[in-house]
Amino acid sequence: MARDVYMVTGGVSKFAKAHTSRDSRYLVKEALDYALSDVGMDVSDIDGSVGAYFSEHFQRQLLGTAMVHDYLGLNPKPHKRVEGGGATGGLAFQAAYEEVASGRMDVCLVFGFENMSHVSTWKGNEFIAMASDMNFDYPVGGFYTAYYAMMAVRHMHQFGTTVEQMAKVSVKNHGNARYNRYAQSPMEITVEDVRRAPMISYPFTRLDVCTMSDGAAVAILASEDRAFQYTDRPTRIEAIGSGSDTMRLSDRPRGKVPLLPHEEAEWYRDLDYPGLHNFRAARVAAIEAYKKAGIEDPAEQVDFMEVHDAYTSLELQLYEDLGLARIGHGGELLDSGFTEMGGKVPVNPSGGLLGCGHAIGATGIMLSVFTHWQLQHSVEKHLGSGRLQVPNAKRGLVLDLAGTGTLITVTVMGASR
């Protein structure tokens, strides 16, 4: 039987376009020092670590996480690196969960980082595109913005989703980031501002797309007895789930929808799924996590979500595959205010990737740290403002994503008090 696993503490460095005077080791240590001091822990309390970064190309360094593990003073304790494209942080978090759940470690550190400013934006996009099929996708599609633009256009064609609805994701998440001191891109904007921004790849303007970042994040996970030694408010990891899909979009099938617990087959009788318009891996990950956490209807049983919103269309599509809206109705959910602060299930109250930035190896861990603070009701303490605190938050969901939905993780976290 797997042991219960709790998140004890976490820390995040400031996400920025460039940290020219501080490398990844320093950024991770900055985040870890914050996490340790928050609960009175010491490095000696940690049994081992799981590290994450996206690509040797950005760092120009193999064994980068081993160097960080050493810099943190953790040698000769166990360590391993996890890599999975954009889902690297989420996969590493789940790997740390498994270390504790299995009984191998009682206290496990998971850390992630990226220094993407070492290269130009164009070269960075090329490196990121290497997470697609370099023999097929890359020659015909180029960068990920083009892949996601194609998926967005298909969703618009299939369901009548509008560019204005997608723009509302940008308005919401950049707006939330104004109250998050770790965020890279806080701004007050309108739908008109989003649509007037320079076009990147139709229908995306610059404000529909997240930015590359330098940054780091850490989380410390522990068994139940150890967690309560350090804090009376650890966050319980109720369930993890993961799913996968083909690297090449053209290989994705047109079949039946894997149903979430509250859905009925009749809803999607005439729908070919996933095609290019949705994310089968997200549904599979959610189904696994919801079953373990006892969630029948996420719109009623999850208080907020932190999801991988690299593109505005992506967040909208994830509403549908996580079960907040029926497939094809994500735009209507946005129009209703359901996912805004003050709505029934706020999505990305932190600002998400659009507002905070995307330091790939750190991103999924960052979202988990923000979720932990929400469930502790300590947002004002950590983010510098209470404006982003979700009232009475008892359960949150974190989703991290790689490729065009090639690998997806879903983690459900709950308050312990």
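Each chain has its residues counted from 1, running along the sequence as written. Local features in this predicted model are restricted to residues of pLDDT 70 or higher, and side-chain atom pairs are both shown and tallied only at a pLDDT of 80 or more, whereas totals for entire chains, interfaces and linings draw on every residue. Side-chain figures throughout are based on the complete set of non-hydrogen atoms in the structure, without hydrogens or water.

Asks: How would you sum up the pattern of salt bridges? Please name residues and give values.
Replies: The term salt bridge refers to a pairing of a side-chain nitrogen on Lys or Arg with a carboxyl oxygen on Asp or Glu at a separation within 4 Å. A full pass over the atoms with the stated rule returns 23 salt bridges. Linking Asp251 and Arg248 is a salt bridge whose minimum nitrogen-to-oxygen distance equals 2.8 Å. Between Asp270 and Arg269 there is a salt bridge, and its shortest N-O distance comes to 3.9 Å. Accessible area is worked out with a 1.4 Å probe on protein chains only. A residue is then buried under 20% of its type maximum, exposed over 50%, and partly exposed in between. Judged by relative accessible area, which is 58%, Arg269 ranks as exposed.

Asks: Go over a nonpolar patch on the surface, please, and point to the residues and values.
Replies: Where nonpolar side chains cluster on the molecular surface, the patch consists of Val153, Met199 and Tyr202 and spans about 290 Å² of accessible area. Strands are runs of DSSP state E lasting at least two residues, helices are runs of H or I lasting at least four, and both sets are numbered from the N terminus onward. With respect to the element layout, Met199 can be found in strand S5 (residues 199–201). Exposure above 30% relative accessible area and the absence of a salt bridge qualify a residue for a patch, where like charges join within 9 Å and nonpolar side chains (Val, Leu, Ile, Met, Phe, Trp, Tyr) within 5 Å. Where accessible areas are quoted, they stem from the Shrake-Rupley method and a 1.4 Å probe; at the residue level, only the protein chains shown are allowed to cover.

Asks: Report on the environment of Tyr53, specifying residues and quantitative values.
Replies: Secondary-structure assignment places Tyr53 in the loop between strand S2 (48–52) and helix H2 (56–59). At a separation of 3.1 Å, a polar atom in the side chain of Tyr53 contacts the main-chain amide nitrogen of Gly64. Identification of polar contacts relies on pairs of N or O atoms within 3.5 Å, with a donor-acceptor requirement for protein atoms, meaning one able to donate a hydrogen and the other able to accept it, and with residues adjacent in sequence counted only if both atoms are side-chain atoms.

Asks: Before we move on, could you go through the sheet that holds strand S4 (residues 107–115) and cite the residues and values that matter?
Replies: Two orientations exist for strands paired in a sheet by backbone hydrogen bonds: parallel and antiparallel. The strand order across the open sheet built from 9 strands is S3-S2-S4-S7-S1-S8-S13-S12-S11, with neighbouring strands paired in mixed fashion. Whereas interior strands pair on both sides, the edge strands pair on one side only; in this sheet they are strand S3 (79–82) and strand S11 (304–307). Pairwise comparison of adjacent strand axes, ignoring direction, gives a mean angle of 25° for this sheet. With 4 bridges joining them, S2 and S3 adopt parallel strand pairing. Looking at S3, one finds that Ala52 is bridged to Val82. By the convention used here, residues are in contact when the closest approach between their heavy atoms is within 4.5 Å. Angles here are taken between N-to-C directions and fall from 0 to 180 degrees, while the axes themselves are lines fitted to C-alpha atoms, restricted in helices to the stretch in contact. Helix-sheet contacts for helix H3 (residues 64–71) involve S2, S3 and S4, and the interaxial angle to S4 is about 120°. Against the sheet, helix H4 (residues 88–101) contacts strand S1 (5–12), S2, S3, S4, strand S7 (214–223), strand S8 (235–244), strand S12 (395–402) and strand S13 (407–415), and its axis sits at roughly 55° relative to S13. A strand pair is defined by DSSP finding two or more bridges across the two strands.

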